[in-house]
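A look at the structure
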Amino acid sequence: MQNQSKDPLHGITLQKIVETLVDYYGFDTLGELIPIKCFMSNPTIKSSLTFLRKTDWARKKVEELYIKTAPKLG
């Protein structure tokens, strides 16, 4: 029997998380849910990833939103 990771983000890249959230919410709603500049001012996946990779607190908020959203993605 394999040991399964208890981490709900195990094996999911930050890029996949951001793309999934943008597909589900769009940048407008994402900027309302997590009010950070990379989602509100001229947002792109690439610029968001660059910011989130450098900013731990923002990445944590995005990961938390993904965990809350994942059950809705079906």
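Predicted, not measured: the structure shown is a model, and the values here were computed from it. (Residues numbered from 1 in each chain as written. Predicted model: local features only at pLDDT ≥ 70, side-chain atom pairs only at ≥ 80, totals over all residues. Heavy atoms only, no water.)

Helix and strand counts for the protein chain stand at four helices and zero strands. For the protein chain, the succession of helices and strands along the chain, N to C, is α-α-α-α. Over its C-alpha atoms, taken along the principal directions, the protein chain stretches across nearly 45 × 25 × 15 Å. Counting all 74 residues of the protein chain, 32% fall into the buried class. (Helix = DSSP H or I, 4+ residues; strand = E, 2+ residues; numbered from the N terminus. Buried < 20%, exposed > 50% of the residue type's maximum accessible area, 1.4 Å probe, protein only.)

Relative to each other, helix α3 (residues 45-54) and helix α4 (residues 56-73) sit at 115 degrees, their axes nearing to 5 Å. For the element pair α3 / α4, the angle class is roughly perpendicular. Residue-level contacts link Phe51, Leu52 and Lys54 of α3 to Asp56, Trp57, Ala58, Arg59 and Val62 of α4. Looking at the contact of α3 with α4, its residues break down into five nonpolar, no polar and three charged. (Axes fitted to C-alpha atoms, helices over the stretch in contact; angles between N-to-C directions. Parallel < 35°, antiparallel > 145°, perpendicular 65-115°, else oblique. Contact = heavy atoms within 4.5 Å. Nonpolar A, V, L, I, M, F, W, Y, C, P; charged D, E, K, R; others polar.)

From the geometry alone we can't say anything about function, so treat these as descriptive.
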